[in-house]
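What the coordinates show
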Amino acid sequence: MATIFSPSALLSPSSSTVSPKSLTPPPSKPQNLPIQSSKPPLTNLTTTLTAVAAAAAILTTSSLPSLADSPSAAYKIYYGTAASAANYGGYGGNSSKQDSAEYVYDVPDGWKERLVSKVEKGTNGTDSEFYNPKKKAEKEYLTYLSGFRQLAPREVVLNNLALSDVGLLDLISSADSVTSEETKDEKGQVYYVYEIDGVGAHSLISVTCTNNKLYAHFVNAPTPDWRRDEETLRHLHQSFKTVGSF
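Let us look at the structure shown here.

Rules of the game
- Residues numbered from 1 in each chain as written.
- Predicted model: local features only at pLDDT ≥ 70, side-chain atom pairs only at ≥ 80, totals over all residues.
- Heavy atoms only, no water.
- Buried < 20%, exposed > 50% of the residue type's maximum accessible area, 1.4 Å probe, protein only.
- Phe/Tyr/Trp six-rings, centres within 6.5 Å; stacked < 30°, edge-to-face > 60°.
- Helix = DSSP H or I, 4+ residues; strand = E, 2+ residues; numbered from the N terminus.
- Pairing = 2+ DSSP bridges.

We now examine unusual backbone geometry. Phi at Asn211 takes a positive value of approximately 55°, unusual for a residue other than glycine. The class for Asn211 is partly exposed, based on a relative accessible area of 49%. Here Asn212, not a glycine, exhibits a phi torsion of approximately 65°, which is positive. For Asn212, a relative accessible area of 41% gives the class partly exposed.

Here's what the structure looks like:
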């Protein structure tokens, strides 16, 4: 087995100093002593330690990605079943209802679910609602109505929604602008998209019709919150899809 000498041993006085009394060369042949280098040879161990130190310095100075930087970490998917008031056995839904979901939309992490009663569900069709606990007027919710095979003209649909939602009616009546457009997803399903810019609030609405039901998804916020969180609120608005579209 080979013996490994440390660099310090090569520099020790005992290995670099020769005693004159210990040298007894024959008179006829003077002995030539080898001259040792002032620097120890670079061994494999020294090379390995140098490489490890360099790698550690790189890892220390590099910025490692954070899980919080992932866009998907900021939202969770809500699965809505749109159960009728007669069969409404709970308040809202969760990921366990994925198999029976009729629609989905994203909810920001930290937002709270408001419990929807059977009475409210039966009167105006509210199926689910989430809100920002720091600003409770900043919220998203979904309503649905049964017995609709197709969408009526855009103006008629918005007016009918306002008849069952006093807050929406007030917002429209005092709005600075109301815009609407018709869009289609990759599967050809039609959506009506409305944007209402009111004096004190802003609203984004997406309406579609499938499975003999009309679904309306709302994203509402007071004007100061809208200006601050517009990117997030538009993401919520665009995340709404019905069954068969996801």
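Another point: the packing of aromatic side chains. Inspection of every chain in the model, using the stated rule, returns 10 aromatic pairs. Between Tyr103 and Tyr215, the aromatic rings sit 6.2 Å apart at their centres with planes inclined by 55°, giving tilted as the arrangement. Of this pair, Tyr103 sits in strand S2 (residues 103–108) while Tyr215 sits in strand S9 (residues 213–222), and the two are 112 residues apart along the sequence. In this structure, Tyr103 and Tyr215 share a single accessibility class: buried.

Attention now goes to the sheet that holds strand S1 (residues 75–80). The strands making up a sheet associate through hydrogen bonds between their backbones, and the pairing can be parallel or antiparallel. With antiparallel pairing, the three strands of this open sheet are ordered in space as S1-S2-S10. At either end of the open sheet lies a strand with only one pairing partner, and these are S1 and strand S10 (241–242). Judged from the six bridges that link them, S1 and S2 form a sheet pairing that is antiparallel. Its bridge partner lying in S2, Tyr75 is registered against Pro108.

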